[in-house]
Amino acid sequence: MDWKALKNEIETIAAQSVENCPEDILRVFEYEIAPSRCGTGGLMMGPWFEGATASRYLVPYYVYNIIKLTKDSNLPVEKMKQQMNLLLPKALGTAELSGMWTLADLTRRTMACVNEMNDKDEILQLLNALYLYGSSINAWQNYRVKWGLSAAFVIPNRKELVEMACRADESYI
Amino acid sequence: MMLQFKMVWPQLNLSVRCQSCGKNENALKALIENMPIKTIQGHEMVGGWMLRNRSVYMGKRFFDIPPQEMESECMKDAPVGRISLLFPQGNSTEMLVKYDECEDSRSYTPVADVVEEDLETLKQVGKLQWKSATRTKEVLVVEFVAED
Amino acid sequence: MSKSEFIMRWPEFDKQVRCRPIHHNRELFDWFMSNLPTKCVQTVTVVAGLQLYMQNVKMPKVECNWIQENQPLEYMADYPVGRFMFFMTAGYVANFTVKAGYATEPMPYPTWAEVADEDKETFVTVANAIWESLLMDKKTYHVEFFAAED
């Protein structure tokens, strides 16, 4: 596998993701379309939570930690591969099931490529590209998550409850 | 040691019998040696119709079987009634019990099956837990009890 | 070109603020300056408090050459509005925030720059507008960083 071609492909997608919201995010987080049929009972809260978690705290965070540990502690290539193969498979499975298909595809291909590579700097360059794209997915999820949903379930505080109770008679006028 | 146990939901007055599925028997043995175990019952929200126990405490025997030594199985392909572990390590594991169709394409560690005669009861519990998770928020507890 | 000031600009708002080094971590400021210009999508933190959040910032010229844990740190809840901090920065990808209101997160980070006092009002106005968008409107905003000219 040509690691440079893969790195360039990821960087091109990452660069596009600076200006434009990736299709995976629009489909799952905005339009609530789940072609993988994820979302038990057709509900989307689960895919939103797990999709967001997998694409932020699992894939990019793991990749970040591998890069950081390698740089800070001068890890050998074999340790890098060991960490990658231990940490990433479940994360990419969750990203894929939750509709983050491009991230899952790029992660899977990056893993396959890294497992064939032996030059630490080249591996770091490839992982860096994946981290950049993962960070973009993260940014766009942060943007597209329907945060306002919580405003639909406002729980009155004590002061507000007292005020509501004091004005209860107004509803009989 | 018989590799069988019961899942009991005291508030529902329901229970199902479970036995080895023939895979990862050392993992099932470790789980059974930790019984009785009590934990809050939950439901899967992404992969399909599964009961999900997110915090199964194994306080008696440390779970130290390396992941690469255990057989895994794609949940989509597993039979209804399959009981699988997720991230079993040290003192805790997650557990999933498939009670109907699933789209989950991820792999888990299969250990047991709910016996055929109890599958209807399992589905009944699954639907009640789904109702709890999505509407009533009634807290249901499950107990795992080893059977001789 | 000045080496001690950069501009943070939001093209969709046609607003910008000046940003300068603070009392410590000057080498982090210089490292960031050496990678300009750059840009990313502008988001807001939704747990720690009100901060502008830059999550996918490419540092195209010089890779990260410092270790977060070795730098002087400040607690987010304590430092002033307008201050920048880095986290999860590695290789040629930077993540950072700029505090824009109250923050409750009890964790320390390497702080390294601050919005100029005379521009803080503009900064807070923009931050609040982006928070509103993130919450409800979902309009997309970007942010650009470039070195200030003399």
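For the structure itself, consult the block above.
For the structure given in this document, a descriptive report is provided here. Quick caveat, the model's predicted, so the values are computed rather than measured.

1. What to know about the pairing of strand 9 (residues 107-114) of chain B
Residues and elements named next belong to chain B. Burial analysis of strand 9 places 6 of its 8 residues in the buried class, the great majority of the element. Inspection of the sheet shows strand 6 (residues 73-74) paired to strand 9 by 2 bridges, in the antiparallel sense. Bridge assignment links Glu73 to a residue of strand 9, and that residue is Tyr108. Where strand 7 (residues 82-89) lies against strand 9, 4 bridges are found, and the strand directions are antiparallel. Looking at strand 9, one finds that Leu85 is bridged to Thr109.

2. A word on the interface of chain A and chain B
Across the boundary between the two partners, chain A contributes 15 residues, which contact 18 residues of chain B. Roughly 1,300 Å² is buried in total at the junction of chain A and chain B, and carbon and sulfur atoms are behind 61% of that figure. Among the residues of chain A in contact with chain B, Thr40, Lys90 and Leu97 of chain A are the three that bury the most area, contributing 48% of the side total. For the interface between chain A and chain B, the tally reads 4 salt bridges. Our enumeration of links across chain A and chain B arrives at 10 residue pairs in polar contact (both at pLDDT 80 or more). Listed by contribution, the elements that provide at least two residues to the side of chain A that touches chain B are helix 3 (45-73) and helix 4 (77-97) of chain A. No other element matches helix 4 of chain A, which puts 4 residues into the side of chain A that touches chain B. Considered class by class, the residues forming the side of chain A that touches chain B number 4 nonpolar, 8 polar and 3 charged.

3. Things to note about the packing of helix 5 (residues 101-115) of chain A against helix 6 (residues 120-144) of chain A
Residues and elements named next belong to chain A. Interhelical geometry of helix 5 versus helix 6 gives an angle of 170° and a closest axis separation of 11 Å. Considering the angle they form, helix 5 stands roughly antiparallel to helix 6. Of helix 6, the residues touching helix 5 (which contributes Thr102, Leu103, Leu106, Thr107, Thr110, Cys113 and Val114) are Ile123, Leu126, Leu127, Leu130, Tyr133, Gly134 and Ile137. The class makeup of the residues in the contact of helix 5 with helix 6 is 10 nonpolar, 4 polar and no charged.

Conventions adopted
- Residues numbered from 1 in each chain as written.
- Chains lettered and ligands numbered in written order.
- Predicted model: local features only at pLDDT ≥ 70, side-chain atom pairs only at ≥ 80, totals over all residues.
- Heavy atoms only, no water.
- Buried < 20%, exposed > 50% of the residue type's maximum accessible area, 1.4 Å probe, protein only.
- Helix = DSSP H or I, 4+ residues; strand = E, 2+ residues; numbered from the N terminus.
- Pairing = 2+ DSSP bridges.
- Contact = heavy atoms within 4.5 Å.
- Buried area = accessible area lost by both parts, 1.4 Å probe.
- Salt bridge = Lys/Arg side-chain N within 4 Å of Asp/Glu carboxyl O.
- Polar contact = N/O pair within 3.5 Å; in protein donor to acceptor, adjacent residues only side chain to side chain.
- Nonpolar A, V, L, I, M, F, W, Y, C, P; charged D, E, K, R; others polar.
- Axes fitted to C-alpha atoms, helices over the stretch in contact; angles between N-to-C directions.
- Parallel < 35°, antiparallel > 145°, perpendicular 65-115°, else oblique.

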